[in-house]
Amino acid sequence: MKYLFVNCSRKISQIDRNIYGHFAEHLGRGIYGGIFVGADSEIPNIRGMRKDVVDALKSIKVPVIRWPGGCFADHYHWMDGIGPKNERKRIVNTSWGGTVEDNSFGTHEFLDLCEQLGCSPYITGNVGSGTVRELSEWIEYMNFDGESPMADLRRKNGREKPWNVSYIGIGNESWGGGGHMSAEYYTGLYNQYATFIRPYGNTRPYKIACGPDGADYKWTDTVMRLSGKLMDSLSLHYYTMPGYYPTDPYPWEKKGPATGFDKANYFRTLARALFMDELIAGHKFVMDRYDPEKRVSLCIDEWGTWHAVEPGTNPSFLYQQNTMRDALVAAVSLNIFNKHSDRVRMANLAQMINVLQSVILTQEDRMVLTPTYHVFDLYKGHQNATLLESYIQQDFIGTEEAQVPQLHASASAGEDGKVRITLANLSPDESQNVRCVVSGSQFASVAVRYISGEMDDCNSFENPSKISIHDMPDIAVDGEVFSIETPPCSVFEIVLS
Ligand code: AHR
């Protein structure tokens, strides 16, 4: 038995709902087939967006989507994707497999998707091969309500009112595929772009600078020093790649399988996901030097597992299965983001549908909700709640190479007056009784929802509900104490009211 203590009197920081955000790139079947099938499709849709997918995304309260990339953003020219569809340019998606990109999903379609979902759009601007003028005009097109060349063009294309897009990324991975820039060179460009991204009406752009690759603290230091005053947020990219060792010369070739992995691989995956905690702490430490008031947020706008693609699928499409191991990666990552919510105010899972650690997989007219989807469902109550102090007693488990805590949790107090705890048992074979002591709050009932399974259980088109959410009834409360039996590989939402 292990103790979990939650102190409701110790309120720490607000958990921005955008921590539960997503990322959707023009990559493989992430957009086409995954969310957008076109208005003429036999698959039920609203203006081309799949109804089944939109409904599922609404149900987990997707707060924000980052688009159009990723690598794709740095060779995307937004004007190719507006106007009559039959006149839109057909280009080559040189980032992802050389496929034809017909631009049928462009600015209007993306912003329509966000309106259907009731979520915020986050646009990534092209710094790699675009211009300051191009990005500045894109923002004028989306946000200006008066008379101007871009606002008039938007009206001509059928949209009278501006969309008021606030979140603007300036470049993607500018240290790598986005231009192979040094941090000093990037900040020069960043400052120039940031200057010409104008506010329109009441919409002030929230400028997100390209941040480091994983543990590159020097990048963070340089960008904060030279551009910190001109940014609202700094991004961070970190993928959990279990199959390779840091000393491998070509780590991209060493991704492990998404299913059918062994326990050593399982623990290595979790250890690498848990590294996110150290990574955020390190970048926060650097950011605190330049911005002790924490005005600039950290935005982890690409995170998740990156496994080998499903056998027989296009290697450039990054289509992978999703198991309970991925669900646990999501559970610990989201707990970590909650716990760093004083600085982390947005995170975007890579990627929403059919790419990397997706919440949804599609095949023609069929859709599967992955175990990761269910974690987002179990955690959605944390959105905009207040982080509470919590402590969980631990055993460390795993292999000699990868030791991880058996239990992982975070807790929050919602605006609805309810206290929520999310809790994961990372052991692949040991259940654990958790005795929860929640002080500083009155509650009469405990509602528990959870998922559990074998470490490589997944949902497939043949068996779409192997992993699904269950209720755990009849939890007895004794004053401020109650107990929960957590099975191996499980994730819980516990709601006290
Ligand atoms: O998410 C896939 C790719 O990973 C993105 O396009 C890029 O930004 C990152 O390297």
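Residues numbered from 1 in each chain as written. Predicted model: local features only at pLDDT ≥ 70, side-chain atom pairs only at ≥ 80, totals over all residues. Heavy atoms only, no water.

1. Points about the site of the ligand
The local shell around the ligand consists of F23, E25, G70, C71, W96, N172, E173, Y239, E302, W306, Q351 and L356. Between an oxygen atom of the ligand and a side-chain N or O atom of N172, the distance comes to 3.0 Å. E173 places a side-chain nitrogen or oxygen 2.8 Å from an oxygen atom of the ligand. A total of 280 Å² of accessible area belongs to the ligand in isolation, and the protein chains cover 95% of it. The residue makeup of the shell around the ligand, split by class, is 6 nonpolar, 3 polar and 3 charged. (Near = heavy atom within 4 Å. Polar contact = N/O pair within 3.5 Å; in protein donor to acceptor, adjacent residues only side chain to side chain. Areas by Shrake-Rupley, 256 points an atom, 1.4 Å probe, with all protein chains shown as cover. Nonpolar A, V, L, I, M, F, W, Y, C, P; charged D, E, K, R; others polar.)

2. Overview of the domain arrangement of the protein chain
The assigned domain composition of the protein chain is domain 1 (16-384) and domain 2 (389-496). A straight line from the C-alpha centre of domain 1 to that of domain 2 covers 29 Å. On the side of domain 2, 43 residues touch domain 1, which itself brings 44 residues to the contact. The junction of domain 1 with domain 2 conceals about 3400 Å² of combined surface from both sides, 67% of it contributed by carbon and sulfur atoms. Contact with domain 2 buries surface across domain 1, with F267, M324 and L378 losing the most and accounting together for 23% of the total. For the interface between domain 1 and domain 2, the tally reads 3 salt bridges. Here R268 ties to E401 by a salt bridge, and the two come within 2.9 Å at their closest N and O atoms. Counting every contact that joins domain 1 to domain 2 gives 17 residue pairs in polar contact (both at pLDDT 80 or more). (Domains from an automatic or database assignment. Contact = heavy atoms within 4.5 Å. Buried area = accessible area lost by both parts, 1.4 Å probe. Salt bridge = Lys/Arg side-chain N within 4 Å of Asp/Glu carboxyl O.)

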